[in-house]
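Each chain, written out:
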Amino acid sequence: MFADNLRIFVPALNQGWPRMAFLVTVSLLLTYLNYRGLNVVGQTAMTTTLFIITPFVLLCILAAPHVEPTNWLQVDWGSVKWGTYLNILFWNLNYWDSVSCLAGEVDNPSRTFPRALLWAVLLVVASYFLPTLAALGVSVDSADWQLGYYGKVAQQVAGNWLAWWVVLAAAASQIGQFQAEMSSDSYQLQGMAERGFLPKCLARRSKHGTPTVGILLSSLGVVCLGFFSFVDIVEMLNAVYCLAELLEFAAFVRLRMVAPALPRPYRVPLPTWGLVLMLLPASLLLVVILLIPLWERNYTMICTTTGAIVLGCVLYPLLNLAKERGWVAFADLEFDFAHSTAGKCMRARAGK
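Being a predicted model, the structure only gives us computed values, none of them experimental. For every chain, the first residue of the written sequence is number 1, and numbering continues from 1 onward in sequence order. Reporting in this predicted model follows two pLDDT cut-offs: at least 70 for local features of residues, and 80 or more for side-chain atom pairs to be given and counted; totals over whole chains, interfaces and linings ignore these cut-offs and use all residues. Where side-chain values are given, they derive from all heavy atoms of the structure, hydrogens and water being excluded.

1. Some details on the packing of helix α5 (residues 109-138) against helix α6 (residues 149-157)
Following both chains from N to C, one finds α5 and α6 inclined at 60 degrees, their axes separated by 10 Å at the closest point. By the criterion of interaxial angle, the relationship of α5 to α6 is oblique. Handedness of the crossing formed by α5 with α6: left-handed. Taken together, the residues of α6 that come into contact with α5 (itself represented by Tyr128, Pro131, Thr132, Ala135 and Val138) are Tyr149, Tyr150, Val153, Gln156 and Val157. The angle between two axes is taken between their N-to-C directions and runs from 0 to 180 degrees, where each axis is a line fitted to C-alpha atoms and a helix contributes only its stretch in contact. Working definition: helices are DSSP H or I runs of at least four residues, strands are E runs of at least two. Numbering for both runs from the N terminus. Each angle receives one of four descriptions, namely roughly parallel if under 35 degrees, roughly antiparallel if over 145, roughly perpendicular if within 65 to 115, and oblique otherwise. The handedness criterion is simple: a crossing whose near helix is rotated anticlockwise from the far helix by less than a right angle is left-handed, and one whose near helix is rotated clockwise is right-handed. Every residue pair with non-hydrogen atoms within 4.5 Å of one another is taken to be in contact.

Written out as structure tokens, the structure reads:
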């Protein structure tokens, strides 16, 4: 998406070796930022946030006199590609669980996370909803809505200066997404390796305290995905993400049942049945997203999703076998569920 946003002003990034060279160069630079540590990533994100938000605030203000409210109610239902629409909408609004991978790197996460997530939700809703209302009010023709359309609206209501700013801000936001995704993925691999679920080599930290191998693997994955179109990447990521989320939800409920006293950075203040009810709507949405390829007869995505399931079913017992036979070194640190539960019972008896 970074290259796609910039190609409006740099057509050479549309395809071919210039596009691939650009993607590889940017990936290497951003990988180095992640290698330097979360402080560098966080400071970069905070610095660019104002630069990203300001042009869209100006767009909403300057577009207001040109808005036709009746445009908001005009919908060409026949032109809507529902599968693509739901996948892109889902992709834009998911990955909230990724912050949990960074809980060990955050001071007082039980207090910081709820407040940060609340403000993040409000900011995300406003940053999507308000510019969309402004742009729809200016033009409702569905043919106009292509990647980079906000830049065209900005040019129409304010001129080239705002158009450039909007496009550069959109490109910068993709950098932020890249950084956040790489950080969460690499720290997730490191955390699993430190708990003995993955080979010990994935737990290796750099001199900056960052997961070196995880960052390199994440960067390699990004370069490989550069050969696919944006929609194909979104659909593949959504399928894998939905499977992972359903597994996380099941593990979340299961851990609350079998290890209620397990130390947690943040504990959801609901009983088990409340957790199930809370997760039910999200679980139904995940199933719907997984069923879209079947509805559209998208056999490429069906094979990709099936392949991900088969790969997971093969890798899990294979990793356990490698651990038992000593083929690869694994960390010894694991959770003691029984001890955690027993400890809670003893403290309860002592309190009585």
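2. Examining the pattern of salt bridges
Counted as salt bridges are all cases of a side-chain nitrogen of Lys or Arg within 4 Å of a carboxyl oxygen of Asp or Glu. Scanning the model with the defined rule gives one salt bridge in all. Among the ionic pairs, Glu194 bridges to Arg205, the shortest N-O distance being 3.6 Å. With Glu194 in helix α7 (residues 160-194) and Arg205 in the loop between α7 and α8 (212-225), this residue pair connects regions lying eleven residues apart in the sequence.

3. Points about the side chain of Ser218
Looking at where Ser218 falls in the secondary structure, it is placed in helix α8. Once residues lying within four places of it in the same chain are set aside, the contact partners of Ser218 are Met182 and Asp185.

4. Thoughts on the confidence of the model for the chain
Looking at the chain as a whole, its pLDDT mean stands at 81, while 86% of the residues score no less than 70. Per-element mean pLDDT across the chain ranges from 44 in helix α12 (residues 337-351) up to 92 in helix α10 (residues 272-296). Residue-level confidence of the predictor is summarised by pLDDT, bounded by 0 at the bottom and 100 at the top.

5. Quick notes on α8
Compared with an ideal rise of 1.5 Å per residue, which puts 14 residues at 20 Å, α8 spans 20 Å between its outermost C-alpha atoms and is within 8% of the ideal. Using a 1.4 Å probe on the protein chains alone, a residue whose accessible area is under 20% of its type maximum counts as buried, one over 50% counts as exposed, and one in between counts as partly exposed. For α8, the complete set of buried residues consists of Gly214, Ile215, Ser218 and Ser219. All buried residues of α8 fall inside an arc of 135 degrees around its axis, so they share one side. What points out from α8, more than 90 degrees from its buried face, is the exposed set Leu216 and Leu220. What a helix should span is 1.5 Å times the count of its residues minus one. Think of it as the arc spanned by the lines of direction from the helix axis to the C-beta atoms.

6. A few points about the side chain of Glu235
You can see Glu235 is positioned in helix α9 (residues 230-258). No salt bridge forms around the buried Glu235; measuring N to O, its nearest opposite-charge neighbour Lys81 is 9.8 Å away. Beyond its immediate stretch of four places on either side in the chain, Glu235 contacts Asn87, Asn298 and Met301. Residues counted as positive are Lys and Arg, residues counted as negative are Asp and Glu, and His and the chain ends are not counted.

7. Details of the nonpolar core
Nonpolar side chains tend toward joint burial in soluble globular proteins. We define a nonpolar core as any set of buried Ala, Val, Leu, Ile, Met, Phe, Trp, Tyr and Cys residues linked to one another through side-chain atoms lying within 4.5 Å. Among the nonpolar cores identified, the biggest contains 16 residues, and Leu59, Val153 and Ala154 are the most heavily contacted of them. Secondary-structure elements contributing two or more residues to this core are α3 (38-63), α5, α6 and α7. Not counting residues up to four positions away in its chain, the partners in contact with Ala154 are Leu59, Gly159, Leu162, Ala163 and Val166. One finds Met236, Tyr241, Val253 and Met301 within the second-largest nonpolar core, a separate group that totals 13 residues.

8. Considering unusual backbone geometry
Residues other than glycine predominantly adopt negative phi, and peptide bonds predominantly adopt the trans conformation. Phi at Arg297 is positive, roughly 55 degrees, even though this residue is not glycine. Tracing the backbone shows Arg297 in the loop between α10 and α11 (299-325). Using a relative accessible area of 63% as the deciding quantity, one classes Arg297 as exposed.

9. Comments concerning the packing of aromatic side chains
The criterion for an aromatic pair is that two Phe, Tyr or Trp rings (for Trp, the six-membered ring) have centres within 6.5 Å, with stacked assigned to planes under 30 degrees apart, edge-to-face to planes over 60 apart and tilted to the rest. Here the structure, examined in full by the defined rule, presents four aromatic pairs. Between the aromatic rings of Trp82 and Tyr85, the centroid separation amounts to 5.8 Å while the plane-to-plane angle is 85 degrees, which identifies the pairing as edge-to-face. Of this pair, Trp82 and Tyr85 are both found in helix α4 (residues 82-92), three residues apart, which corresponds to roughly one turn of the helix.

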